[in-house]
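# Architecture at a glance
Here's the letter readout for the chains.
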Amino acid sequence: MTDAIVLGLDGATWDVLDPLIEAGRLPNLARLRREGYDGVLESTFPPITAPAWLSMATGQNPGKTGVFYFQNRTDPDSFSFEMLGSDEFEGRSFWDVIDARGRSVGVFNFPMLYPPYALDNGFQVSGLGAPEDDSITAPAELRAELDEVTDGYTVKVPYADPKYSGRPDALLTDLHEALRTRSAAIEHLLTDRRPSVFFGVVSVTDWAQHYFWRYYDETHALYDPEVARDHGDALGELWERVDETVGMVADVAEREGAVLFVVSDHGFGPVNETFHSNTWLEATGFQAAGDRSLLTELRTTYFQHLRRVGEPIAAAVPQLNDLITAIGRRIRGSPEDTIDMEDSLVFAPRQNFTCGMLFMLSDDPADEQAVVDALESLTREDGQPVDPTVYRAEDLYHGDRLDVAPDVLFEIDGFECGVDPRPRADDAVFTTGPPSVARSGGHRRDGIYVVAGEGVEPGSGGRRSLLDVAPTLLYALDTPIPEVMDGEALTDAFTPEFRANRTLRRAPLADLVTVEAAGGRGDTEAMQDRLEDLGYI
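A tally of helices and strands in the protein yields 20 helices and 22 strands. Per-residue burial for the protein yields a buried fraction of 60% across its 537 residues. Long-range pairs, those at least 24 residues apart, make up 74% of the contacts in the protein with a sequence separation of at least 6. For the protein, the exposed surface amounts to about 19900 Å²; the carbon and sulfur share of it is 46%.

Phe89, Phe94, Trp95, Phe110, Phe199, Val263 and Phe494 are the most contacted members of the largest nonpolar core, which totals 69 residues. Leave out the neighbours within four places in its chain, and phenylalanine 199 touches Val6, Gly8, Trp53, Met56, Phe94, Gly106, Val107, Phe108, Phe110 and Val263. If you look at the next biggest cluster of nonpolar residues, it comprises 65 residues, including Leu7, Tyr159, Ala160 and Val252.

Per the stated rule, a full pass over the model turns up 24 salt bridges. Across the pair arginine 92 and glutamate 88 runs a salt bridge whose closest N-O atoms are separated by 2.9 Å. A salt bridge links glutamate 368 to arginine 392; the nearest nitrogen and oxygen atoms lie 2.8 Å apart. Pair noted here: glutamate 368 is in helix 15 (residues 365–376) and arginine 392 is in strand 14 (residues 388–392), with a separation of 24 residues, a long-range link. One connected set of salt bridges, linked through shared partners, spans Asp18, Arg33 and Asp38.

Together, Asp75, Asp77, Asp400 and Asp403 line one region of the surface with negative charge. Tracing the sequence through the fold places aspartate 77 in the loop between strand 3 (71–73) and strand 4 (81–83).

Attention shifts here to the sheet that holds strand 8 (residues 197–202). An order of 7-6-5-8-1-9-19-2-20 is seen for the 9 strands of this open sheet, with the pairing classed as mixed. At either end of the open sheet lies a strand with only one pairing partner, and these are strand 7 (137–138) and strand 20 (459–465). The pairing of strand 5 (residues 105–110) with strand 8 spans 4 bridges and is parallel. In the sheet register, glycine 106 faces strand 8, and the bridge partner there is phenylalanine 198. Across the sheet, helix 17 (residues 469–476) touches strand 1 (4–9), strand 2 (37–42), strand 8, strand 9 (259–263) and strand 20, and the angle it forms with strand 9 is around 175 degrees.

Turning to the environment of leucine 467, a few remarks are in order. Within the secondary structure, leucine 467 is located in the loop between strand 20 and helix 17. Residue classification places leucine 467 among the buried residues on the basis of a relative accessible area of 15%. Along the chain, leucine 467 and leucine 54 lie 413 residues apart, while their C-alpha atoms are 9.6 Å from each other. In contact with leucine 467, not counting residues within four places along its chain, are Ser55, Gly59, Gln60, Asn61, Asp486 and Gly487.

A few words now on the environment of tyrosine 114. Note that tyrosine 114 resides in the loop between strand 5 and strand 6 (122–126). With 16 residues separating them in the primary sequence, tyrosine 114 and alanine 130 have C-alpha atoms 5.8 Å apart. Within polar-contact distance, the side chain of tyrosine 114 engages the side chain of serine 135 at 2.7 Å.

Thresholds applied
- Residues numbered from 1 in each chain as written.
- Predicted model: local features only at pLDDT ≥ 70, side-chain atom pairs only at ≥ 80, totals over all residues.
- Heavy atoms only, no water.
- Helix = DSSP H or I, 4+ residues; strand = E, 2+ residues; numbered from the N terminus.
- Buried < 20%, exposed > 50% of the residue type's maximum accessible area, 1.4 Å probe, protein only.
- Contact = heavy atoms within 4.5 Å.
- Areas by Shrake-Rupley, 256 points an atom, 1.4 Å probe, with all protein chains shown as cover.
- Core = buried A, V, L, I, M, F, W, Y, C linked by side-chain atoms within 4.5 Å.
- Salt bridge = Lys/Arg side-chain N within 4 Å of Asp/Glu carboxyl O.
- Patch = residues over 30% accessible without salt bridge, like charges linked within 9 Å, V, L, I, M, F, W, Y side chains within 5 Å.
- Lys, Arg positive; Asp, Glu negative; His and termini not counted.
- Charge placed at Lys NZ, Arg CZ, Asp CG, Glu CD.
- Pairing = 2+ DSSP bridges.
- Axes fitted to C-alpha atoms, helices over the stretch in contact; angles between N-to-C directions.
- Polar contact = N/O pair within 3.5 Å; in protein donor to acceptor, adjacent residues only side chain to side chain.

Below is the structure:
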């Protein structure tokens, strides 16, 4: 018997879903909202897949998990960055608590949960960040099972890959196929394996909104009415297919008498402008230039131009795509290659196009304050005002891993202006359009949640945190909540009769799970390559 189901819709936002619901195009999601308890689910800062899904699974803010992006520091005395892997999930996620109490739990397509690790009473299937091989499931034999029920299971659709440049039809076909396989796999796992608790994630929604936002949004800087005539409804059509999956999962939940959660890790919106962070830092004197030899310039500053030469070739001759991509990875450098780290006060690492993440190289608090002041008084080259929101790490996070967090973080114009740390061939600080054409849509903090099914009290829950998902799920299962979890159980989502049979209680994590040495991260360089295909690095 299945007691609880969580369906994660990566990047879902009411800004896109509400008009589709009002038009009658998402009947299943509309019914869940009507009969359930719903609202806005606030994401982490930054609202990025890696920290968001990990914080949702653990109920802990990034100051405790130590994860602020896909690549993170592990040593406060080093600026070496390591890729997030399943070792950060193991022994601290809600499913570990459930598994330790003898209940079966299934985790499907969960981002960055690689390599998967064995549960005593369930299974795991890795999602984003995992390779396309037999290592993505625990137990191992589950991979063949997925291949059989889906006619060939795939982990990702690399929407930012050059082979999709200028080929929206090809990408849309592959996204719909990936959604078909996800839906088939979820249905099989729910009806055949029937875990007591199931958490499955649909990722194609995120990839589609990154790529197709400029076709969907008439106000976007890259909107082209001629192209939009054929692809302007691509997102609507995909969400209609997703709604069918929602309906299938809701039917299973109803048959099983299960509580159903529909959640997203973050929201979405347009990216119409780009702020070039390291260019600005150098122009303001906070950063000193490093090696600017011709080879370094080709590998960093001019690499984007080389990529633009290769993209149309890969799009026209897809068979050459892997070769062109491999060559690009071998010659490409990092922003740090062009920075004199000894004489600079601060730098932005090669990651995160959503917001700014700066690491101080100076220990002088006055230098950090100067950077914050300069950001808060930021203007465009033409003198037009900018709307930055600047944070220090302690404004956003708390916990024993605060010392590896970025020192200064910022968003510009509510994330509508992306932030690009890569070197430029000119000295422009602001440019029109997103950092990457394939990422015309970008992340926002406002995601979604709906709780429906057995024992749920219909109504609006207002604004809640994604840190509340794990505690609420454990409460619904009448399971103690680890004391380390920052989130709160949404007890008001349930009827008085349901609450009468539950006890809200907390206990030390060590008393609830068998915390063993964390597993390996897998091949971090290969994982980085896979994330580059998706435009995250």
